Amino acid sequence: MKLEYPKEWFLRSADIEGEAEIGAGIPSWNPKTPTTSETHSASRIAFGRFVELWRRNKGWNPERLADEAGLDPEEILEIENDPQAEPEPDAVFKLAKVFGVAPKGLYVIAGLVEPRSSILRDKVVRFAARSENVSSLDEAEREALEAFVSALSKISTES
Amino acid sequence: MNESIVWLREGATGNPVQASLFDEITDDHLLLWSTTWSPEMRRYVAANAPTDRPEDSHWNWRIKSFSSSGLLSCHSFSLVCNGELQALMIARDLASAKLPGQFGQPLVHLEFVATAPWNRPEFHQPVRYKGCGRILILAAIEVSRACGGKGRIGLHSLPAAEDFYEQKCGMTLLGADAAHQNLSYFEMTETQADQFRRNQMKP
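Conventions used here
- Residue positions within a chain follow its written sequence, with the count starting from 1.
- Lettering for chains starts from A, numbering for ligands starts from 1, and both go in the order in which the items are written.
- Only residues with pLDDT of at least 70 are given local features in this predicted model, and only at 80 or more are side-chain atom pairs given and counted; all residues enter the totals for whole chains, interfaces and linings.
- Derived side-chain values reflect all non-hydrogen atoms in the structure, with water molecules and hydrogen atoms excluded from consideration.
- Whether two residues are in contact is decided by their heavy atoms: any pair within 4.5 Å suffices.
- Two parts placed together each lose some accessible area under a 1.4 Å probe, and the buried area is that loss summed for both.
- Whenever Lys or Arg places a side-chain nitrogen within 4 Å of a carboxyl oxygen from Asp or Glu, that contact is recorded as a salt bridge.
- By the criterion applied in these results, polar contacts are pairs of N or O atoms within 3.5 Å in which, for protein atoms, one can donate a hydrogen and the other can accept it, and in which residues neighboring in sequence qualify only through two side-chain atoms.
- Numbering of helices and strands starts at the N terminus; helices are DSSP runs of H or I of at least 4 residues and strands are runs of E of at least 2.
- Amino acids outside the nonpolar list (Ala, Val, Leu, Ile, Met, Phe, Trp, Tyr, Cys, Pro) and the charged list (Asp, Glu, Lys, Arg) are all regarded as polar, and Gly is one of them.
- To obtain each axis, a line is fitted to C-alpha atoms, and for helices this fit is confined to the stretch in contact; angles are then taken between N-to-C directions over 0 to 180 degrees.
- What sets the label is the angle itself: under 35 degrees gives roughly parallel, over 145 gives roughly antiparallel, 65 to 115 gives roughly perpendicular, and the rest give oblique.
- Crossings are assigned a handedness: left-handed for a near helix turned anticlockwise from the far helix by less than a right angle, right-handed for a clockwise turn.
- Only protein chains enter the accessibility calculation, which uses a 1.4 Å probe; a residue whose area is less than 20% of its type maximum is buried, one above 50% is exposed, and one in between is partly exposed.
- Relevant arc is that of directions from the helix axis to the C-beta atoms, nothing else.
- A cavity here means a set of 1 Å grid points, computed over protein atoms only, where a 1.4 Å probe fits but cannot escape. A pocket is an open set with protein on both sides within 12 Å along at least 5 of 7 lines, and lining residues have an atom within 4 Å of a point.
- Grid points are joined across faces, edges and corners, and a volume is the space filled by probe spheres set on the points.
- Only the six-membered ring of Trp is used, alongside the rings of Phe and Tyr, when aromatic pairs are assigned; centres must lie within 6.5 Å, and planes under 30 degrees apart are stacked while those over 60 apart are edge-to-face, with the rest tilted.
- Only when the NZ of Lys or the CZ of Arg is both within 6 Å of the ring centre and within 35 degrees of the ring normal is a charge said to sit over the ring.

**Q** Tell me what's going on with the interface of chain B and chain A, and back it up with residues and numbers.
**A** Facing 68 residues of chain B, the contacting portion of chain A comprises 38 residues. Between chain B and chain A, the buried area comes to about 5100 Å², and carbon and sulfur atoms account for 60% of it. Broken down residue by residue, the surface that chain B buries against chain A is led by W7, F66 and N199 of chain B, which jointly contribute 14%. Between D90 of chain A and R62 of chain B there is a salt bridge, with the nearest N and O atoms lying 3.3 Å from each other. The interface formed by chain B and chain A contains 20 residue pairs in polar contact (both at pLDDT 80 or more). In terms of residues, the side of chain B that touches chain A owes the most to one element, helix α3 (residues 132–146) of chain B, which gives nine residues. Across the side of chain B that touches chain A, the residue classes tally to 33 nonpolar, 18 polar and 17 charged.

**Q** Can you tell me about the packing of α3 of chain B against helix α5 (residues 190–198) of chain B, naming the residues and giving the values?
**A** For any two helices packed against each other, the geometry is given by the interaxial angle and the distance between the axes. Residue and element names in this part refer to chain B. The N-to-C vectors of α3 and α5 enclose an angle of 130 degrees; their axes lie 11 Å apart at closest approach. On the basis of their axis angle, the class for α3 and α5 is oblique. In the crossing of α3 with α5, the sense of the turn from one axis to the other is left-handed. Listed contacts from α5 to R134, I137, L138, I141, E142 and R145 of α3 are A193, F196 and R197. Taken together, the residues of the contact of α3 with α5 break down into five nonpolar, no polar and four charged.

**Q** Requested: an account of helix α2 (residues 61–68) of chain B, with residues and values cited.
**A** The element α2 of chain B is extensively covered by neighbouring structure, given that eight of its eight residues are classed as buried. The inward-facing, buried residues of α2 of chain B contact α5 (89–99) and α6 (103–109) of chain A together with α1 (27–47), β3 (74–81), β4 (84–96) and β5 (106–115) of chain B. At the N-terminal boundary of α2 of chain B, the capping side chain belongs to N60 of chain B, with an oxygen 2.9 Å from the backbone nitrogen of R62 of chain B. Once α2 of chain B ends, the next one or two residues include G70 of chain B, with phi positive near 85 degrees.

**Q** Quick rundown of helix α3 (residues 62–69) of chain A? Include the residues and the values.
**A** Because an α-helix completes one turn every 3.6 residues, residues spaced three or four positions apart along the sequence face the same direction. Residues and elements named next belong to chain A. Within the sequence span of α3, burial applies to P62, L65, A66 and A69. Projected down its long axis, α3 shows its buried positions confined to an angular sector of 100 degrees, all on one face. After α3 finishes, the residue G70 shows a positive phi value of roughly 75 degrees.

**Q** Which residues make up the layout of surface pockets, and what values do they have?
**A** In this structure, the second largest pocket spans a volume of roughly 440 Å³. Along the walls of the second largest pocket sit 24 residues, with E24, I25, S69, G70 and S76 of chain B positioned nearest its centre. Elements represented by at least two residues in the lining of the second largest pocket include exactly α6 of chain A together with α1, α2 and β3 of chain B. When the residues that make up the lining of the second largest pocket are grouped by side-chain class, the tally is twelve nonpolar, seven polar and five charged.

**Q** Describe in detail the environment of S96 of chain B, supporting the description with residues and values.
**A** Residues and elements named next belong to chain B. Position of S96 relative to the elements: it lies in strand β4. Remark: the alpha-carbon pair of S96 and R152, spanning 56 residues in sequence, is separated by 9.0 Å. Excluding anything up to four places from it in sequence, S96 contacts G104, Q105, P106, L107 and E187.

**Q** Describe in detail empty space enclosed by the protein, supporting the description with residues and values.
**A** On inspection of all chains with the given rule, the structure shows two cavities of 30 Å³ or more. Counted as a void, the second largest cavity has a volume near 40 Å³. In this structure, the second largest cavity is lined by E17, G18, E19, A20 and I22 of chain A together with T115, N119, V127, Y129, K130, G131 and C132 of chain B. Here the residues of the lining of the second largest cavity sort into five nonpolar, four polar and three charged.

**Q** Residue-level account of the packing of aromatic side chains, with values.
**A** Scanning the model with the defined rule gives 14 aromatic pairs over all chains in all. Here Y107 of chain A and F66 of chain B contribute two aromatic rings whose centre-to-centre distance is 6.3 Å and whose plane-to-plane angle is 45 degrees, an arrangement assigned as tilted. With Y107 of chain A in helix α6 and F66 of chain B in helix α2, the pair connects residues from two separate chains. Just as Y107 of chain A is buried, F66 of chain B falls in that class too. Taken together, Y5, W9 and F10 of chain A together with F196 of chain B form an aromatic cluster joined through their ring pairs. The ring of W7 of chain B has K7 of chain A lying over it, and the distance from NZ or CZ to the ring centre is 4.2 Å.

Here it is as structure tokens:
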């Protein structure tokens, strides 16, 4: 959609508008639709695991990841270890930039937005199950991580 | 993504300033929102009483944008001037009119409309730019015309903005909508949209 109106239209329109206050929409509307507790919990666990595996795969400690993302180390620890904690949208966005994955996908994984497709929901749950916490990042974990990064990169079309 | 050349007036001088209206909210726009608009909103909220808090102060445009992106019925707009984000809007075209005589006719509903804090008189006097709101209304009218709504639009106004829609846009107030937190619901008919496009209201 392209507006094709002359400059004069807009300037007169600005004069009509003056310093009027603008705003529309439901103040407390939240686009996050209710999730089932099962999927929600799996999603948060998957998000924490993903952050942890990605970090360990790089050989970074939580502090290094926090520095790279511009976050507090406490936020990283909370994300990795507390599935009940709801991460801040801005924190998820910053992590997505560091990870090089689509922020949209990471919002879904973080449980901030309900996935629009059951395929993605299944991937989240499967990832959470496959990446059960172990002491070192072995080949299976690395494969799980790489498969999940690949799935995240396709999220724009799936979600 | 389309870019339309539009014009605003600088609040302090009245000088015309060229701006761009994009029919998408991109990651770059959201980055501007999170690094400039959102921090200014947070500062204002922290410095003022809860009763003075803007009704949209907690809106997270990242989440709103993600939730609407990819949906064929949703239309997002970003207004940018001098590298700064000035206003945002998300509209939906699967709505129908409620006005008598228009009932059931297709209409574009403006789900969310907001201007940057520096374009609001309660934040800045004078405002940085004038004209953002009517540009978004014009964009919604054009979306409606393209979708078969003949320019019809509807919205639930935030309380402080009711005069704008009634006095500055010529929309009709239908009353408080109990299903939407008692916000005032406004509609613009095809005729009112034509009048808006002719831009003949008195300043």
